[in-house]
Amino acid sequence: MFLHERICQWLGQLKLSRVILTVSVILFVVPLVTHYYLSKYESTSVSLGSNNMRHTLEALGDLSTMNMVDLKIRIEEMLRIKASVSTELRELEERRGKLQREAAAASAKADSVKAEYARATAELQRLRVSADQARLAQLEAIRRDSPELAPPTQILPSDPPQVLPPISSTSEVHCRMHSCFDHSRCSLTSGFPIYFYDPDIYNPISRAEVDGFLKTTLRQTLSYNSHLTQNPNEACIYLVLVGEGFPLDKSPSSTTYSFKLLLNETAIKSLPYWGGDGRNHVLLNLARRELSVGSGDAFHSASTGRAMIAQSTFTLQQFRSGFDITMPPALGPPGGDVWADCAPLAPARRKYILSFQGSQTPTPSGINIDDDKNLIESLQKIVKSAPSSDVFYLQFDCDPPIERRAVLPIGDWALCGTDRSRRSILRDSTFGLILAPADNNYATTALLQARLYEALRSGAIPVILGGDRIRLPFDEVLDWRRAAILLPKARVTELHFLLRALSDADLLAFRRQGRVLWERYLSSVQASIDSLLAIIRMRLNIPARPALPTTGTPAFNDSYYPPKLEPPAVDTEPEETLGPLEAPYASPAYRRNYSLALLHGYELWNEWGEPFALYPQLPWDPPVTSEARFMGSAAGFRPIGAGAGGSGKEFSEALGGDRPREQFTIVILTYEREAVLAAALARLRGLPYLNKVVVVWNGVSAPAATQAWPEAGAPVAVVRAPRNSLNNRFLPYHVIDTEAVLCVDDDAHLRHDEIVFAFRVWREHRDRIVGFPGRYHAWDLNFNNGFLYNSNYSCELSMVLTGAAFVHRYYLWAYWRALPAAVRDYVDEYMNCEDIAMNFLVAHLTRKPPVKVTSRWTFRCPGCPVTLSADETHFHERHKCIQFFSQVMGYTPLLSTQYRADSVLFKTRIPHDKQKCFKFI
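Below: a short report on this structure. (Residues numbered from 1 in each chain as written. Predicted model: local features only at pLDDT ≥ 70, side-chain atom pairs only at ≥ 80, totals over all residues. Heavy atoms only, no water.)

## Overview of the packing of helix H6 (residues 212-223) against helix H14 (residues 525-539)
Here is step 1: Running from N to C, H6 and H14 point in directions that differ by 60°, and their axes come no closer than 10 Å. Here H6 is positioned oblique relative to H14, judged by the angle of their axes. In terms of crossing hand, the pair formed by H6 and H14 is right-handed. Packed against H6, whose contacting residues are Phe213, Thr217, Leu218, Thr221 and Leu222, the element H14 presents Val525, Gln526, Ile529, Asp530 and Leu533 at the interface.
Here is step 2: For the contact of H6 with H14, a count of residues per class yields six nonpolar, three polar and one charged. (Axes fitted to C-alpha atoms, helices over the stretch in contact; angles between N-to-C directions. Helix = DSSP H or I, 4+ residues; strand = E, 2+ residues; numbered from the N terminus. Parallel < 35°, antiparallel > 145°, perpendicular 65-115°, else oblique. Left-handed = near helix turned anticlockwise from the far one by under 90°. Contact = heavy atoms within 4.5 Å. Nonpolar A, V, L, I, M, F, W, Y, C, P; charged D, E, K, R; others polar.)

Here's what the structure looks like:
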């Protein structure tokens, strides 16, 4: 059976023509063979003898008969085989025909699919064109409805103020911005020009001269202000320095004090641009020397017309809310760093729970005012009843007694001792008591503000009794409730309970905010003058002048283009789509320079407790921090990181966050390592969302002109730093056009998917540092010598090194504007710790820890030359950096966290239709 099947299989493989030919040959050959054998037997029989002829013939006859029978049987068998083969051949032919028909049908279907693919490709191309057209139409509609804003062209007046008749004293008392200010000279696009009267030429004080220190300091301070103009015809504001008030009666034996007219009204009204009524003028009276001398009110009973008054002493009847401005006394230096004058914020509780040193001026006879005797008695009772753990330092009479030669507000408290003695007591005090003048007619005095100045400088939390009626410096925009305790005098009996109720965390929060307000507003003459002008500008809703970026020196001439080198192929994962490769797209600029103040007023604060509008205009939106306060949903703000909702697909495709399109700039700091830099640039080719690469060349010599630069897939700007400094990494260069900035060392190895993932995380944490290498600070348990730098692998981190980290462009500006210069000088001295300084700055501003994203352990370049971090003194210097930076800032702002971001796509392949909901863990 097996043989038969084999034969049938073999026959099935033959063609019908060959089978027919084979059978024909067999039918022809068999008779010939038979005839041959018959002829042979016949010739043999002839040769036999005659005797055997008959027997031979009989034998041959029988043999012939037997061969014919077998032949017939064989032929019949062959015919049966032929019939079987023919049947199988017909079946095979039918099967072959069926397969041919199926093949033809499959070929037709393939052609149909190819045609459908071609139609789908054409339709896709058409849809892409339609999408591009729709996108262009959308952009045109956006530009048409909300045109791009840019630094405006100034619209300035060309003539001096018109002379108008003086106003009456009644109208003068009721002056406000809408009634006594000429807005026509201060258009929104004017840039807020300021003109300063030369105090050597225009002296508005009778029988006295303006203090020389104030004249010199004010000239120097205003020279740094971008709003100052030398053309009085185009000025919006005219600033007049009145100086200090000098009393006419200087008799040491005099105990009756009254204010005399110290302002020379004739000189004031004779100012060339007074305009008859003094509109748009600011009369500045700064108290500086002996506070008891300079605290007098130079404008008492004087007619100042429509001019604003800025000084430290006001009566309630004199102060015009929303028009006049309360100024701090000029007790500090002209400007510069003031951190050395401050006390550390820690510990929260000090030796004295409350301290006060002062002596009250005697009250004139015939004037019925409260001399605070009951208040002093209540405070003394508190001291006696307090537990031994609560130590008070209350001194209500100066020893030795102060010499009273000057005009003082009635019932005000004069300062005892020297500045050094008072500072030593306040540095040991948790709270510093400040008593309002006994005369309830006063809104503020120079002595009260001097106490506030000294308390904040020494870290003693101000407790102001009578604070319900007191006007504090710049309280129009500053929330003093976050830095001081304001109580009516009637609460004196409950004072001890209230002070003990505050926790250590609350004490540190008060102290930190107080130090910030002191540093930014009260510490120096420059800080006070800049704040004064900024408040007036905010009243007019005029944006500040743009913050000038740092113009980096190009490494190459404009006419020279270094040779390009095609980069080698980089290992990628083609199955992962990281994002589109688009043309450079800058972050939107100057979008909210007007609307920020209009929508939020003073409600949008930064972490310093200051309105953003007090700062120079930035061409980008600053990152709103956790403590930012909003006026409501009408403001149009959503917290950072909030998504658009829905299925998550739109949120995913927009890279997270609320901005549908954004790119980032890579800043690479390098020092004469061309080969390492070339390799770093080559690795960036094909990186999505890359806007530009800025190479900060820190070397002494320029890059070699013959050095071939690999193609990075994005524009590359090479800028030469003026000197070799690690601080150059954070210069706000003019070539940085995006809010997202990726700071990278030239020897850092990062994969494209790692960079894109970190970019996505940063878009949801725009106010933080988001990067790869994490570090933390730990307390020195051996010597209790402060915090130490630690780079051991741990679940805890408080810093992310800026050798591979995303930061907001705002922090590049803040690094040079808000960070004390002593920190940057320390970085230059040790050529180390610029990354720690940036972490200190961001943690101080946001009170948030950084965000670490997980990398694939490919961070460092294994074959690169030795770096600064390889020096054995590197970590010792970083210990010292943390301790010094903490000393400068008064505390260690770093916050620890165990949170880090990782992508499940690093470990698990998820179907594309599921990726919209599984992007992060």
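## Here's the deal with empty space enclosed by the protein
Here is step 1: Throughout the structure, instances matching the rule amount to twelve cavities of 30 Å³ or more.
Here is step 2: When its volume is computed, the second largest cavity comes out at roughly 140 Å³.
Here is step 3: Counting residues per element, the ones that place at least two in the lining of the second largest cavity are strand E7 (352-357), helix H10 (419-427), strand E11 (429-435) and helix H11 (446-458).
Here is step 4: Of the residues in the lining of the second largest cavity, the class split is seven nonpolar, three polar and three charged. (1 Å grid on protein atoms, 1.4 Å probe; cavity = no way out; pocket = protein on both sides within 12 Å on 5 of 7 lines; lining within 4 Å. Points joined across faces, edges and corners; volume = space filled by probe spheres on them.)

## Considering the nonpolar core
Here is step 1: In this structure, Phe192, Leu284, Trp480 and Ile529 are the most contacted members of the largest nonpolar core, which totals 75 residues.
Here is step 2: Take this core: its biggest share by element is seven residues, from H14.
Here is step 3: Beyond its immediate sequence surroundings of up to four residues, Ile529 is in contact with Leu218, Thr221, Leu222, Leu284, Leu286 and Met327.
Here is step 4: Of all hydrophobic cores here, the second largest spans 53 residues; its members include Ala547, Tyr789, Leu801 and Cys833. (Core = buried A, V, L, I, M, F, W, Y, C linked by side-chain atoms within 4.5 Å. Buried < 20%, exposed > 50% of the residue type's maximum accessible area, 1.4 Å probe, protein only.)

## Remarks on the state of the cysteines
Here is step 1: Applying the stated criterion across every chain yields a total of four disulfides.
Here is step 2: Disulfide pairing is shown between Cys398 and Cys416; the S-S distance is 1.7 Å. The sign of the -75° torsion about the S-S bond sets the Cys398-Cys416 disulfide as left-handed. With a gap of 18 residues between them, Cys398 in the loop between strand E9 (391-395) and strand E10 (413-414) and Cys416 in the loop between E10 and H10 connect regions that are remote in the sequence. (Disulfide = S-S within 2.5 Å.)

## Side note on H14
Residues lying three or four places apart along an α-helix face the same way, a consequence of the helix completing one turn every 3.6 residues.
Here is step 1: With 15 residues, H14 should reach 21 Å at 1.5 Å per residue; the first-to-last C-alpha distance of 22 Å fits that figure.
Here is step 2: Counting buried positions along H14 yields 13 of 15 residues, so the element is predominantly enclosed.
Here is step 3: Immediately downstream of H14, the backbone of Asn541 shows phi near 60°, a positive value. (Expected span 1.5 Å × (residues − 1).)

## Some thoughts on the pairing of strand E20 (residues 716-720)
Here is step 1: Of the strand pairs in this sheet, strand E15 (residues 553-554) and E20 are connected by two bridges, and their pairing is antiparallel. Residue pairing across strands places Pro554 opposite Val719, the latter belonging to E20.
Here is step 2: Both strand E18 (residues 690-697) and E20 contribute to a ladder of five bridges, which runs parallel. Among the inter-strand pairings, Val694 is bridged to a residue of E20, identified as Ala717. (Pairing = 2+ DSSP bridges.)

## Things to note about the packing of helix H20 (residues 821-830) against helix H22 (residues 874-889)
Here is step 1: The N-to-C vectors of H20 and H22 enclose an angle of 165°; their axes lie 10 Å apart at closest approach. The angle between H20 and H22 places the two elements in the roughly antiparallel class. The way H20 lies across H22 gives a crossing that is right-handed. Side by side, H20 and H22 meet where Ala822, Val823, Tyr826, Val827 and Tyr830 of the first sit next to Glu877, Lys880, Cys881, Phe884, Phe885 and Val888 of the second.

## Topic: the pairing of strand E26 (residues 804-808)
Here is step 1: Within E26, five of the five residues are buried, which leaves it mostly tucked inside the rest of the structure.
Here is step 2: The alternating pattern of E26 places Ala804, Phe806 and His808 on one face and Ala805 and Val807 on the opposite face, and all of these are buried.
Here is step 3: Relative to E26, strand E21 (residues 740-745) is paired through five bridges, and the arrangement is antiparallel. Pairing of Val744 across the sheet is with Ala804, part of E26.
Here is step 4: With two bridges connecting them, strand E22 (residues 770-771) and E26 associate as antiparallel partners. Within E26, the position partnered with Gly771 by the bridge is Ala805.

## Regarding H20
Here is step 1: The set of residues buried in H20 consists of Ala822, Val823, Arg824, Tyr826 and Val827.
Here is step 2: Here the buried face of H20 lies against helix H19 (809-817), helix H21 (834-846) and H22.
Here is step 3: Within two residues after H20, Met831 carries a phi angle of roughly 50°, on the positive side.

## A closer look at the pattern of salt bridges
Here is step 1: Following the criterion strictly, the structure yields 33 salt bridges and no others.
Here is step 2: When the shortest N-O distance is used, the salt bridge between Lys692 and Asp737 registers 3.1 Å. Here Lys692 is found in strand E18, whereas its partner Asp737 is found in the loop between E20 and E21, with 45 residues between them in sequence.
Here is step 3: Across the salt bridge formed by Arg878 and Asp835, the nearest N and O atoms sit 2.9 Å from each other. Residue Arg878 is located in helix H22, and its partner Asp835 is located in helix H21; the two are separated by 43 residues in the primary sequence. Each of the two residues, Arg878 as well as Asp835, counts as buried.
Here is step 4: Linked by salt bridges that have partners in common, Asp198, Asp200, Lys215 and Arg219 make up one network. (Salt bridge = Lys/Arg side-chain N within 4 Å of Asp/Glu carboxyl O.)

## So, the side chain of Asn285
Here is step 1: Position of Asn285 relative to the elements: it lies in the loop between strand E3 (281-284) and helix H8 (291-294).
Here is step 2: For Asn285, the side chain forms a polar contact with the side chain of Gln311, separated by 3.0 Å. (Polar contact = N/O pair within 3.5 Å; in protein donor to acceptor, adjacent residues only side chain to side chain.)

## Some details on unusual backbone geometry
Here is step 1: Omega for the peptide link from Ala346 to Pro347 comes to 0°, which places this bond in the cis form.
Here is step 2: Within the secondary structure layout, Pro347 lies in the loop between strand E6 (325-326) and E7.
Here is step 3: At Asn280, a residue that is not glycine, the phi angle is positive and equals roughly 65°.
Here is step 4: You can see Asn280 is positioned in the loop between helix H7 (265-269) and E3.
Here is step 5: For Arg847, which is not a glycine, the phi torsion comes out positive at approximately 55°.
Here is step 6: With respect to the helices and strands, the residue Arg847 is situated in the loop between H21 and strand E27 (851-853).
Here is step 7: A residue is classified by how much of its surface remains accessible, and Arg847, at 25% relative accessible area, is partly exposed.

## What about the environment of Ala505?
Here is step 1: Its location among the elements puts Ala505 in helix H13 (residues 504-522).
Here is step 2: Of the residues examined, Ala505 reaches a relative accessible area of 55% and is grouped as exposed.
Here is step 3: Measuring from C-alpha to C-alpha, the distance between Ala505 and Ala348 comes to 7.8 Å, with 157 residues separating the pair along the chain.

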